[in-house]
Amino acid sequence: MINLYFVGTAGSGKSTLTGAFKAWMVNQGLDAITINLDPGAEGLPYTSEIDVREWISLPEVMDRYGLGPNGAQIVCADMLAMKAPEIKGIMEEFDSDYALIDTPGQVELFAYRDSSKAIIDTFGRKNSLLAYLFDPFLSREPSGFVSLFMLCTSIQFRIELPFMPILSKSDMLDEEKCEKIVNWSRDFSTLYDDLISSPSSMQLQNSIEIFKAMEVLDIQRELIPTSSENGTGMEDIYNIVQQMFFGGEDLLDDRQPDE
Ligand SMILES: Nc1nc2c(ncn2[C@@H]2O[C@H](COP(=O)(O)OP(=O)(O)OP(=O)(O)O)[C@@H](O)[C@H]2O)c(=O)[nH]1
Ligand SMILES: [Mg+2]
């Protein structure tokens, strides 16, 4: 089973993309389950095969320990790590090819707590991949884009999993802007050119230093524009996962004739 974790800042479209990618996969005759790891999720936009809210409820934890939502999320994350072996057992019962895993909105919680590492290790690290969502609104300006890239790098550094950067909600950007953002990720020199025309000198100096680090770190990856609204990029996500884990060998070729 390949574990694909959808990670990103609050509201970047993780849950919607988890559901949209699952629907795309099912439509292709592929086998996938969805797992919700967010104990505070309200009104998920998909039906999950496994949902942590069956065991852990954020409002209950807030109530029981007199905590605010952020403190309660930390307690929930630790409770979740303890439940991980049980959840792994349920995942195995599904015997599916893919687990599409939706993570909590507080990205720092997932990225920096040891509980997440424990969950990833229990679910299986070797077969795991992060799909990191770049929010289109935060990615529109060069400085916002650089900030998201640094966050993505920091998360990868902490979690130590391969990652696939995704530009979510691409339908909300005009074609030219979308192309420009993808180009920044493809060719950092275009990002540099746009950074140095920044109006703020302090931001400019910082951005240029960060930019140098980005170059040295060898983290250049082309962003995949996706839209859960119109289906853009679903096949690209699938192809990249295939490339990473099976060297391009395609499960679509193994489908039964009636699928
Ligand atoms: N137009 C458009 N809207 C989207 C897309 N994906 C998500 N949205 C909207 O963006 C908002 C946030 O989407 P979610 O999927 O809940 O984002 P999330 O990252 O799971 O949010 P949290 O779990 O709260 O951090 C919702 O109003 C979605 O309807 C997309 O591809 N296109
Ligand atoms: Mg969500």
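Refer to the structure presented above.
Remember, predicted model here, so these are calculated numbers, not experimental data. (Residues numbered from 1 in each chain as written. Chains lettered and ligands numbered in written order. Predicted model: local features only at pLDDT ≥ 70, side-chain atom pairs only at ≥ 80, totals over all residues.)

Q: What is the right way to look at the site of ligand 1 in this model?
A: Around ligand 1, 17 residues are found, and the nearest of them are G13, K14, S15, T16 and G105. Tallying contributions element by element places helix α1 (residues 14-27) first for the shell around ligand 1, with three residues. Tallied by class, the residues present in the shell around ligand 1 amount to two nonpolar, ten polar and five charged. (Near = placed C-beta within 6 Å. Helix = DSSP H or I, 4+ residues; strand = E, 2+ residues; numbered from the N terminus. Nonpolar A, V, L, I, M, F, W, Y, C, P; charged D, E, K, R; others polar.)

Q: Explain the environment of P45 to me, please; I cannot follow it from the model alone.
A: One can find P45 in the loop between β2 (32-36) and β3 (50-51). Sequence spacing of P45 and D193 is 148 residues, and the spatial spacing of their C-alpha atoms is 39 Å.

Q: What exactly am I supposed to notice about the sheet that holds β2 here?
A: Backbone hydrogen bonds are what pair the strands of a sheet, in a parallel or an antiparallel way. On the basis of which strands lie adjacent, the open sheet formed by seven strands has the order β3-β2-β4-β1-β5-β6-β7 and parallel pairing. The open sheet has two edge strands, β3 and β7 (224-225), and neither has a second partner. Relative to strand β4 (residues 98-102), β2 is paired through five bridges, and the arrangement is parallel. Bridging across to β4, T34 finds its partner in L100. Seen against the sheet, α1 touches β1 (2-8), β2, β4 and β5 (128-134) and runs at an angle of roughly 160° to β4. (Pairing = 2+ DSSP bridges. Contact = placed C-beta atoms within 7 Å. Axes fitted to C-alpha atoms, helices over the stretch in contact; angles between N-to-C directions.)

Functional significance is not addressed by these values, which are geometric in nature.
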